[in-house]
Amino acid sequence: MSPTDARFRPGARVGVDVGNARVGVAASSAAGALAHPVRTLSRDTAADSDVEAIVELVGELEAIEVVVGLPRLLSGQEGEAARIARDYAGRLASRLGSVEVRMVDERLTTVDAHRRLRDSGVPGRGQRAVVDQAAAVLILQSALDTEALSGMPPGEIIMPGGKRKKERRR
């Protein structure tokens, strides 16, 4: 299945990797075929300026959804990092209105991003500045590929405040 298939929803998407200190942001074109890095934002738990920057980007791109990585433990359970990501996704959903926020499993994306950066020749010190963007690219690309293969939107919808929306499967 390709992004031109009738089951693939056209439109740009934004990918987000939530960390303790930084937030990696990626985006796709309106065709939705390929994710690319956008920027790394500093977490701003006091004023949410990082959340507002993502809201602005969504508006600029006229994105149809935001995909936030859900960092489950290897066991599949959700720990503190997942709680933080869910809270962040809920704050995004509260500010985005009709633009869907979805969470997708992102186990080991940061580890994979570090490996890919190292393999491409980016030195260890240089990785810190871009690893969050690289992880956001991996999260978004995985979501794009999942939808292209299944014809179903990826992950779970998050409602304002971080609650999960029950979805019926087709």
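The structure we're discussing is the one just above.
Just so it is clear, the model here is predicted, and its values are computed rather than measured.

**Notes on unusual backbone geometry**
- A positive phi angle, near 60°, is found at aspartate 48, a position not held by glycine.
- With respect to the helices, strands and loops of the structure, aspartate 48 is situated in the loop between strand E3 (35-42) and helix H1 (49-61).
- One non-glycine residue, glutamate 62, lies in the positive phi region at around 55°.
- Relative to the helices and strands, glutamate 62 resides in the loop between H1 and strand E4 (65-70).
- Assessed through its relative accessible area of 66%, glutamate 62 is described here as exposed.

**Quick word on helix H2 (residues 80-96)**
- With 17 residues, H2 extends 24 Å between its outermost C-alpha atoms, agreeing within 8% with the 24 Å of an ideal straight helix rising 1.5 Å per residue.
- When H2 is considered as a whole, its buried residues turn out to be Ala82, Ala85, Arg86, Tyr88, Ala89, Gly90, Arg91, Leu92, Ala93 and Leu96.
- Looking at the buried side of H2, the elements it contacts are strand E1 (13-18), strand E2 (22-28), H1, E4, strand E5 (100-105) and strand E6 (156-158).
- Trailing H2 by a residue or two, glycine 97 shows a phi angle of about 65°, which is positive.

Quick notes on the rules
Residues numbered from 1 in each chain as written. Predicted model: local features only at pLDDT ≥ 70, side-chain atom pairs only at ≥ 80, totals over all residues. Heavy atoms only, no water. Helix = DSSP H or I, 4+ residues; strand = E, 2+ residues; numbered from the N terminus. Buried < 20%, exposed > 50% of the residue type's maximum accessible area, 1.4 Å probe, protein only. Expected span 1.5 Å × (residues − 1). Contact = heavy atoms within 4.5 Å.

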